[in-house]
Amino acid sequence: TLISVVSPVYGCRSCLEALADAVRDTFEGTGHDWELVLVDDRGPDEPWPLIREIAARDPRIRGIRLSRNHGQHLAIWAGLAQARGDWVAVIDCDLQDDPAVIPALHAQALAEGTDAVLVDRGNWKDSGLRRLASNLFVRVLNAVSGVRISNEVGNFGLYSRRMTDTLLMFQDKEVFLPLMVTLTGLPRSIHRGANRAGRAEGQSSYNFRRLIRVAIAIIIRFSDRPLKLSVIL
């Protein structure tokens, strides 16, 4: 079984060596083949030279460089499009997500017959303000879009080839992985007990204003409720 690990890279250049080592250690002795796809989303710290260096040392590691900064979720989509695995894991580059969980996610997916296993965030290490903004974002999204997503899960998870190919059918400018996974209608499950670590570098690029902007864009794209509300008014 080939498992691809996709990681969008922005503002965490100094984490990349540790991330590559952690992924390598994760699959040591498991019998799984693996690849790591690092997607350079044109961060201010210029990670591309280091990505090329890491990839040159290990053929299982590949780098993709976007033409400009497109944002986390479009960077994920670029990685999904290049992933060759039977299963694809999506993981942050800042080491908040522990790649050592991935084999357990694969075992759970096979046991439960699901196309996605999403990791419950557990105890967050982010600030109270960051959690509040995230909670409000999900509540607004759920209330106006009509699609229910949980604030307990994020991008970190394992996705089957069928799920990955279905996600790639969304060719939108505004994409949001947890929502798209829900919209596919394919079976999914939750993995609990993997608490997120603190960021090894940097901070979230999703401030309150940007979260609201993303929510509005997604609601306009995926819901007719604003149109219905305007007609009623």
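What counts, and where the lines are drawn
- Each chain has its residues counted from 1, running along the sequence as written.
- Given that this is a predicted model, residues contribute local features only at a pLDDT of at least 70 and side-chain atom pairs are listed and counted only at 80 or more, while totals for whole chains, interfaces and linings are drawn from all residues.
- Side-chain descriptors were evaluated using all non-hydrogen atoms of the structure, hydrogens and water having been removed beforehand.
- Two cysteine sulfurs form what is called a disulfide whenever their separation falls within 2.5 Å.
- Runs of H or I in DSSP of at least four residues are treated as helices and runs of E of at least two as strands, each being numbered from the N terminus.
- Categorising residues by exposure relies on relative accessible area from a 1.4 Å probe, with only protein chains included: less than 20% of the type maximum marks a residue as buried, more than 50% marks it as exposed, and the intermediate range marks it as partly exposed.
- In this description, a line fitted to the C-alpha atoms serves as the axis of each element, helices being fitted only across the stretch in contact, and the angle between N-to-C directions of two axes falls anywhere from 0 to 180 degrees.
- Reported orientations rely on four angle classes, namely roughly parallel under 35 degrees, roughly antiparallel over 145, roughly perpendicular from 65 to 115, and oblique for the rest.
- We call two residues contacting when some pair of their heavy atoms lies within 4.5 Å.
- When residues are grouped by polarity, Ala, Val, Leu, Ile, Met, Phe, Trp, Tyr, Cys and Pro land in nonpolar, Asp, Glu, Lys and Arg in charged, and all others, Gly among them, in polar.
- By definition here, a salt bridge exists when the distance from a side-chain nitrogen of Lys or Arg to a carboxyl oxygen of Asp or Glu is within 4 Å.
- Any two strands between which DSSP finds at least two bridges are classified as paired.
- For the handedness criterion, the strands are oriented away from the viewer, and a crossover whose path from the first strand over the helix to the second runs clockwise is classed as right-handed.
- For the purposes of these results, a polar contact is taken to be a pair of N or O atoms within 3.5 Å, where, inside protein, one atom must be able to donate a hydrogen and its partner to accept one; residues adjacent in sequence count only when each atom of the pair is a side-chain atom.

Undergrad: I keep staring at the state of the cysteines and nothing clicks. Help me out?
TA: Put plainly, a disulfide is one covalent bond tying together the sulfur atoms of two cysteines. The tally for this structure, following the rule as stated, stands at one disulfide. Across the disulfide, C12 is cross-linked to C93 (sulfur-sulfur distance 1.8 Å). Around the S-S axis, the bridge from C12 to C93 shows a dihedral of about -105° and counts as left-handed. Of this pair, C12 sits in the loop between strand 1 (2-9) and helix 1 (16-27) while C93 is found in the loop between strand 4 (87-90) and helix 4 (102-112), placing the two residues 81 residues apart along the sequence. Each member of the pair, C12 as well as C93, is classed as buried.

Undergrad: I'm lost on the packing of helix 3 (residues 72-82) against helix 7 (residues 177-184) in this one. Help?
TA: To describe two helices that pack against each other, one gives the angle between their axes and the distance between the axes. Orientation of helix 3 relative to helix 7, taken along the N-to-C sense of each, is 55°, at an axis distance of 10 Å. The angle between the axes of helix 3 and helix 7 places the two elements in the oblique class. Two secondary-structure elements touch here, helix 3 through H73, I76 and W77 and helix 7 through L177, P178 and M180. A per-class count over the contact of helix 3 with helix 7 returns five nonpolar, one polar and no charged.

Undergrad: Mind showing me how you'd approach the pattern of salt bridges here?
TA: Where charged atoms from two side chains of opposite charge come close, those side chains can pair. Taken as a whole and judged by the stated rule, the model has 12 salt bridges. Between D120 and R192 there is a salt bridge, and its shortest N-O distance comes to 2.7 Å. Of this pair, D120 sits in strand 5 (residues 116-120) while R192 sits in the loop between strand 7 (188-191) and helix 8 (208-222), and the two are 72 residues apart along the sequence. Put simply, D21, R24, D58 and R60 are held in one network by salt bridges that share partners.

Undergrad: Looking at this model, I keep getting lost on the pairing of strand 1. Mind explaining?
TA: Across a regular strand the side chains alternate sides, sitting on one face of the sheet and then on the other. Of all eight residues that make up strand 1, seven are buried, and the element is covered over most of its length. Note: strand 1 against strand 2 (residues 33-40), eight bridges, orientation parallel. Within strand 2, the residue paired with P8 across the bridge is V39. A crossover connection joins strand 1 to the parallel strand 2 through helix 1; in handedness this β-α-β unit is right-handed. Here strand 1 runs beside strand 4; their pairing, made up of four bridges, is parallel. In the sheet register, V6 faces strand 4, and the bridge partner there is V90.

Undergrad: Help me out: how do you make sense of the side chain of R62 in this one?
TA: If you trace the backbone, R62 turns up in strand 3 (residues 61-65). In this structure the side chain of R62 is engaged in a polar contact, spanning 2.7 Å, whose partner is the backbone oxygen of Q82. Setting aside its immediate chain neighbours within four residues, R62 contacts E35, L36, V37, L38, A55, Q82, A83 and R84.

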